[in-house]
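# Fold and geometry: a report
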Amino acid sequence: MARQMGAALTEKGNIKVNEKMESTIPGLFAAGDCTGGLCRWQGSLRWCQAGLSANQYVRNRQKK
């Protein structure tokens, strides 16, 4: 779905994200297997970061 939306992908075909787990499409966050997946504890941290970033994105949009 991210590919169809036009999100940038890595050479391995995973969704490219920044440190906030934001993709190249505003409002699209990703973590886990679709970003290349890491060991369990690192993956959990990335899921948490993705959730926090998505929450902040929505809050900022509601302020406008």
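Calculation notes
Residues numbered from 1 in each chain as written. Predicted model: local features only at pLDDT ≥ 70, side-chain atom pairs only at ≥ 80, totals over all residues. Heavy atoms only, no water. Helix = DSSP H or I, 4+ residues; strand = E, 2+ residues; numbered from the N terminus. Polar contact = N/O pair within 3.5 Å; in protein donor to acceptor, adjacent residues only side chain to side chain. Contact = heavy atoms within 4.5 Å. Phe/Tyr/Trp six-rings, centres within 6.5 Å; stacked < 30°, edge-to-face > 60°. Buried < 20%, exposed > 50% of the residue type's maximum accessible area, 1.4 Å probe, protein only. Core = buried A, V, L, I, M, F, W, Y, C linked by side-chain atoms within 4.5 Å.

What follows deals with unusual backbone geometry. At Met 21, a position not held by glycine, the phi torsion is positive, near 70°. Mapped onto the fold, Met 21 is located in the loop between helix H1 (2-5) and helix H2 (40-63).

Secondary-structure assignment places Ser 23 in the loop between H1 and H2. Here the side chain of Ser 23 touches Ile 25 through a polar contact of 3.1 Å, landing on its backbone nitrogen. At 2.8 Å, the side chain of Ser 23 and the backbone oxygen of Leu 28 are in polar contact. For Ser 23, the residues in contact, after removing those within four places along its chain, are Ile 15, Lys 16, Val 17 and Leu 28.

Our focus in this paragraph is the packing of aromatic side chains. Going through the model one piece at a time under the given rule, you end up with one aromatic pair. Their ring planes at 70° and their centres at 5.9 Å tell us that Phe 29 and Tyr 57 sit as a pair that is edge-to-face. Taken together, the positions of Phe 29 in the loop between H1 and H2 and Tyr 57 in helix H2 put the pair 28 residues apart, joining distant regions of the chain. Judged by its relative accessible area of 17%, Phe 29 falls in the buried class.

Ala 2, Ala 7, Ile 15, Ile 25 and Ala 30 form the largest nonpolar core, which has five residues in total. Look past the residues within four positions of Ile 25 in its chain and what remains in contact with it is Met 5, Gly 6 and Ala 7.

Here we take up the environment of Glu 19. Its place among the elements puts Glu 19 in the loop between H1 and H2. Considered as a pair, Glu 19 and Gln 49 are 30 residues apart in the sequence and their alpha carbons are 8.3 Å apart.

It is worth spelling out the side chain of Ser 53 at this point. Counting through the fold element by element, Ser 53 comes out in helix H2. Residue Ser 53 is classed as buried on the basis of its relative accessible area, which comes to 8%. Beyond its immediate stretch of four places on either side in the chain, Ser 53 contacts Lys 20 and Phe 29.

For the rest of this paragraph, the subject is the environment of Tyr 57. Judged by relative accessible area, which is 26%, Tyr 57 ranks as partly exposed. Residues Tyr 57 and Phe 29 lie 28 residues apart in sequence; the distance between their C-alpha atoms is 9.9 Å. When residues no more than four places from it in sequence are discounted, the contact partners of Tyr 57 are Pro 26, Gly 27 and Phe 29.

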